[in-house]
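# Analysis of the macromolecular model
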Amino acid sequence: MIPRALVVAVCTRLVETFPDGDADPPWVPDDYYDGTHGVVRIRNQQHSLRISEECFEHAGVDEIVEALRQLDYDLELEAEKQLLLGSVPPRERPQQYLLSSLDKWYLARWLAD
C-alpha cells in the first residue's frame, strides 16, 4: 500500500494545474487506496486522477508530477473527468484505455466506478 503522505505530496504539487483547482482544490479522500485495482486516488468534485502503485515503486513524487505535466494530464483530465497515470510495464486493468504515453509513463481513460 502506498503511504498517504506520498499521495498528499503529489496532490499538493498539482493544485495549480488540476482542473478547477483554484475554485475546487483537489484532495486525497479517506479511501484513497484501491487495492483491487492497485491505484491511489486524488480528486475534486468533478475530476478524479488515479496513479498506479507501479508509479510509486519506480519513481518519487517529483518524477510523478513531472510525468503528469509532460503528458498534459490537466487537459486530458478536463476532457475525460477520470484518468489513470501508469508506469510501464502496465498492470493489466480492463478499465483502462490508453490516451497518451511518454517514455515509461502512460495516461489512460478510467471507466470503473
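Further up the page is the structure itself.
Here's a quick rundown of the structure. (Residues numbered from 1 in each chain as written. Predicted model: local features only at pLDDT ≥ 70, side-chain atom pairs only at ≥ 80, totals over all residues. Heavy atoms only, no water.)

## Here's the deal with the pairing of strand 2 (residues 39–43)
The element strand 2 is extensively covered by neighbouring structure, given that four of its five residues are classed as buried. Sheet analysis places strand 1 (residues 33–34) next to strand 2, joined by two bridges and oriented antiparallel. Looking at strand 2, one finds that Y33 is bridged to V40. What sits between strand 1 and strand 2 in their antiparallel hairpin is a turn of four residues, with G38 showing a positive phi close to 70 degrees. Examined bridge by bridge, strand 2 and strand 3 (residues 48–52) share five bridges and lie antiparallel to one another. (Buried < 20%, exposed > 50% of the residue type's maximum accessible area, 1.4 Å probe, protein only. Helix = DSSP H or I, 4+ residues; strand = E, 2+ residues; numbered from the N terminus. Pairing = 2+ DSSP bridges.)

## A short note on the environment of H47
Within the fold, H47 resides in the loop between strand 2 and strand 3. Sequence-distant contacts of H47, that is, excluding residues within four places in its chain, are made with F18, P19, D20, I42, L77, E78 and K81. (Contact = heavy atoms within 4.5 Å.)

## Here we look at the packing of aromatic side chains
Using the criterion set out here, one finds one aromatic pair in the structure. Summarising the aromatic geometry, the rings of F18 and Y73 are spaced 6.4 Å apart at their centres and angled 50 degrees between planes, so their arrangement reads as tilted. A residue pair is termed long-range when its members are at least 10 positions apart, and F18 in the loop between helix 1 (4–14) and strand 1 and Y73 in helix 4 (residues 73–80) qualify at 55 residues. On the basis of relative accessible area, Y73 is assigned to the buried category, the value being 1%. (Phe/Tyr/Trp six-rings, centres within 6.5 Å; stacked < 30°, edge-to-face > 60°.)

## What to know about the pairing of strand 6 (residues 105–110)
Strand 6 sits mainly inside the fold: five of its six residues count as buried. Pairing analysis gives five bridges linking strand 4 (residues 82–87) to strand 6, with the strands arranged antiparallel. Paired with L83 across the bridge in strand 6 is R109.

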